[in-house]
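# A structural walkthrough
Spelled out, the chains give:
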Amino acid sequence: MPDTAKMLPKIAIYPGSFDPITFGHIDIVERATVLFDKVVISIAVNLDKKPLFTLDERREMIQEATVHLPNVEVVETEGLMVDFARRIGAIALIRGLRAVSDFEFEFQMALMNRKLESHLITVFLMPHDSYTYLNSTIVREVAGFGGDISQFVPPGVARRLKEKFRS
Ligand code: ADP
């Protein structure tokens with residue numbers, strides 16, 4: 001690594017679908033902001049998936065949920081994460097590891113990204129144990145059946161979920 005790289009702000013990217021953001025995601029972002037000067041949350045545009053929330057809705061919910069974290073920025077990205085990382089000078093990719101079940105996929109992705117860009121470091125962070133069972137799919141399902149999701153997502157997200165399923 002060139003010496004000048006040590007002087008630059010340390011930027012990390014936290015990519016995901018965030019459909020919608022949950023307390024699990026927020027826990028990971030908070031931990032990442034302790035380690036890095038700036039954390040760029042990247043909403044990955046995935047044309048194969050049909051998300052519940054639009055990109056604008058997801059961006060708004062993330063911004064509201066991270067308003068207490070001044071070194072967080074929210075962007076949308078398409079294409080390879082390594083290309084985006086190179087463009088903004090990021091040194092790390094943040095991923096959350098909930099359970100062993102996450103490991104195989106995350107391991108493959110991390111090794112592939114390392115092949116594509118050897119300088120980009122994947123950093124795995126573990127959430128508080130009360131969030132290890134939490135994912136956006138479960139939250140959408142529970143909300144869809146009218147269940148109480150207030151302990152899994154911030155109030156703004158809970159409100160939007162209720163609105164989605166009312167219409
Ligand atoms: P999900 O898996 O909930 O659909 P994303 O695709 O948005 O979420 O995930 C983005 C990143 O956040 C992934 O690294 C995923 O492992 C992590 N993540 C999601 N939910 C949690 C959680 N409850 N605790 C820790 N990490 C999480």
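What comes next is a walk through the structure. In this text the structure is predicted, and so the values were computed from the model without any measurement. (Residues numbered from 1 in each chain as written. Predicted model: local features only at pLDDT ≥ 70, side-chain atom pairs only at ≥ 80, totals over all residues. Heavy atoms only, no water.)

### Quick notes on the overall build of the chain
When its secondary structure is counted, the chain shows six helices and five strands. When its helices and strands are written in sequence order, the chain yields β-α-β-α-β-α-β-α-β-α-α. For 167 residues, the compact-globule estimate of 2.2 N^0.38 gives 15 Å, and the C-alpha radius of gyration of the chain, at 16 Å, lies within 12% of that figure. Along the longest, intermediate and shortest principal axes, the C-alpha atoms of the chain span 55 × 35 × 30 Å. Burial analysis of the chain (167 residues in total) assigns 41% to the buried set. (Helix = DSSP H or I, 4+ residues; strand = E, 2+ residues; numbered from the N terminus. Rg over C-alpha atoms; globule rule 2.2 N^0.38 Å. Buried < 20%, exposed > 50% of the residue type's maximum accessible area, 1.4 Å probe, protein only.)

### Description of helix H3 (residues 81-88)
Those residues of H3 not exposed but buried are Met-81, Val-82, Phe-84 and Ala-85. End-on view of H3: buried residues confined to an arc of 160 degrees, all on one side of the axis. Summarising the contacts, the buried residues of H3 are in contact with strand E1 (11-16), strand E2 (38-44), strand E3 (72-77), strand E4 (92-96) and helix H4 (100-116). (Arc of directions from axis to C-beta. Contact = heavy atoms within 4.5 Å.)

### Description of the pairing of E3
Bridging between E2 and E3 involves six bridges; their strand directions are parallel. Within E3, the residue paired with Val-40 across the bridge is Glu-73. Viewed along the sheet, the connection from E2 through helix H2 (residues 55-65) into E3 turns out right-handed. (Pairing = 2+ DSSP bridges. Right-handed = clockwise from strand over helix to strand, strands pointing away.)

### A closer look at the sheet that holds E3
Spatially, the five strands line up as an open sheet ordered E3-E2-E1-E4-E5, and their pairing is parallel. Since the sheet does not close on itself, it has two edges, and those belong to E3 and strand E5 (121-125), each with one partner. Across this sheet, the average inter-strand angle for adjacent strands is 30 degrees, counted without regard to direction. In the sheet, E4 pairs with E5 via five bridges, with the strands oriented parallel. Looking across to E5, one finds that Ile-94 is bridged to Val-123. Contacts from H2 reach E2 and E3, with the element oriented near 155 degrees to E2. Of the strands in this sheet, E4 and E5 are in contact with H4, which crosses E4 at around 170 degrees. (Axes fitted to C-alpha atoms, helices over the stretch in contact; angles between N-to-C directions.)

### Some words on a nonpolar patch on the surface
Together, Val-100, Phe-103, Phe-107 and Leu-111 make up an exposed nonpolar region whose accessible area comes to about 400 Å². Its place among the elements puts Phe-107 in helix H4. With relative accessibility at 43%, the residue Phe-107 sits in the partly exposed group. (Patch = residues over 30% accessible without salt bridge, like charges linked within 9 Å, V, L, I, M, F, W, Y side chains within 5 Å. Areas by Shrake-Rupley, 256 points an atom, 1.4 Å probe, with all protein chains shown as cover. Salt bridge = Lys/Arg side-chain N within 4 Å of Asp/Glu carboxyl O.)

### Points about the nonpolar core
Counting residues in hydrophobic clusters, the biggest one holds 32 residues, and the most contacted among them are Ile-21, Ile-94, Ile-149, Val-153 and Leu-161. The biggest single contributor to this core is helix H1 (residues 23-35), with four residues. Those residues within four positions of Ile-94 in sequence are excluded, and the remaining contacts are Ala-12, Ile-13, Tyr-14, Pro-15, Ile-28, Ala-32, Phe-36, Val-123 and Leu-125. (Core = buried A, V, L, I, M, F, W, Y, C linked by side-chain atoms within 4.5 Å.)

### Regarding the site of the ligand
The ligand sits among 17 residues. The nearest are Tyr-14, Ser-17, Gly-96, Tyr-131 and Leu-134. The separation between an oxygen atom of the ligand and a polar main-chain atom of Phe-18 is 3.0 Å. Because more than half of its atoms lie within 2 Å of the grid, the ligand is assigned to the largest pocket. Elements with a minimum of two residues in the shell around the ligand: E1, H1 and E4. (Near = heavy atom within 4 Å. Polar contact = N/O pair within 3.5 Å; in protein donor to acceptor, adjacent residues only side chain to side chain. 1 Å grid on protein atoms, 1.4 Å probe; cavity = no way out; pocket = protein on both sides within 12 Å on 5 of 7 lines; lining within 4 Å. Sits in = over half its atoms within 2 Å of the grid points.)

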